[in-house]
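# Working through the structure, step by step
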Amino acid sequence: MQSSSPALLRLPSVCSMVGLSKSQIYRLIRAGEFPAAIQLGTNSVAWPAERVHAWIADKVSASAR
């Protein structure tokens, strides 16, 4: 069994993956429509890759309906 640690994505990677701007991502977070970042340090945050991938999969699934 292979165990890998969860990947963390910084904001530029998240923006690139989902095709949204920084301000739109934070707007969606405030609206509860995008996964919130986790605090890494005083001035740094990141998103767990699995949550971002799940959000993308939900959007693709919803568009197929």
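Further up the page is the structure itself.
The present account deals with the structure reproduced in this document. What you see is a predicted model; the values in this text were computed from it and never measured.

Parameters at a glance
- Residues numbered from 1 in each chain as written.
- Predicted model: local features only at pLDDT ≥ 70, side-chain atom pairs only at ≥ 80, totals over all residues.
- Heavy atoms only, no water.
- Helix = DSSP H or I, 4+ residues; strand = E, 2+ residues; numbered from the N terminus.
- Buried < 20%, exposed > 50% of the residue type's maximum accessible area, 1.4 Å probe, protein only.
- Contact = heavy atoms within 4.5 Å.
- Axes fitted to C-alpha atoms, helices over the stretch in contact; angles between N-to-C directions.
- Parallel < 35°, antiparallel > 145°, perpendicular 65-115°, else oblique.
- Nonpolar A, V, L, I, M, F, W, Y, C, P; charged D, E, K, R; others polar.
- Left-handed = near helix turned anticlockwise from the far one by under 90°.
- Pairing = 2+ DSSP bridges.

## Some points on the overall build of the protein
Counting its secondary structure elements, the protein contains 3 helices and 3 strands. The N-to-C order of helical and strand elements in the protein reads β-α-α-β-β-α. Once the C-alpha set of the protein is aligned to its principal axes, its extents read approximately 35 × 35 × 20 Å. Within the protein, the fraction of its 65 residues that count as buried is 25%. Considering only contacts within the protein whose residues lie at least 6 apart along the sequence, 42% involve residues at least 24 apart.

## Focus on the packing of helix H1 (residues 11-18) against helix H2 (residues 22-30)
Put simply, H1 and H2 touch, their axes get as near as 10 Å, and they point 90° apart. One element, H1, and the other, H2, form an angle in the roughly perpendicular class. Here Leu11, Val14, Cys15 and Val18 of H1 lie close against H2, whose contacting residues are Lys22, Ile25 and Tyr26. Taken together, the residues of the contact of H1 with H2 break down into 6 nonpolar, no polar and 1 charged.

## Digging into the packing of H1 against helix H3 (residues 49-63)
At a minimum axis separation of 11 Å, H1 and H3 run at an interaxial angle of 15°. As far as their axial angle goes, H3 and H1 are roughly parallel. The hand of the H1/H3 crossing is right-handed. Across the interface between the two elements, Val14, Met17 and Val18 from H1 touch Val52, His53, Trp55 and Ile56 from H3. Residues that form the contact of H1 with H3 fall into these classes: 6 nonpolar, 1 polar and no charged.

## With respect to the sheet that holds strand S3 (residues 44-48)
Spatial ordering of the open sheet is given by S1-S3-S2, a layout of 3 strands whose pairing is antiparallel. Looking along the sheet, the strands with just one partner apiece sit at the ends: strand S1 (8-9) and strand S2 (38-41). Strand direction decides the pairing type here: S1 and S3, joined by 2 bridges, are antiparallel. The partner of leucine 9 across the bridge, within S3, is tryptophan 47. This element, H3, spans S1, S2 and S3 of the sheet and lies at about 55° to S3.

What is shown is where atoms sit, not what they do.
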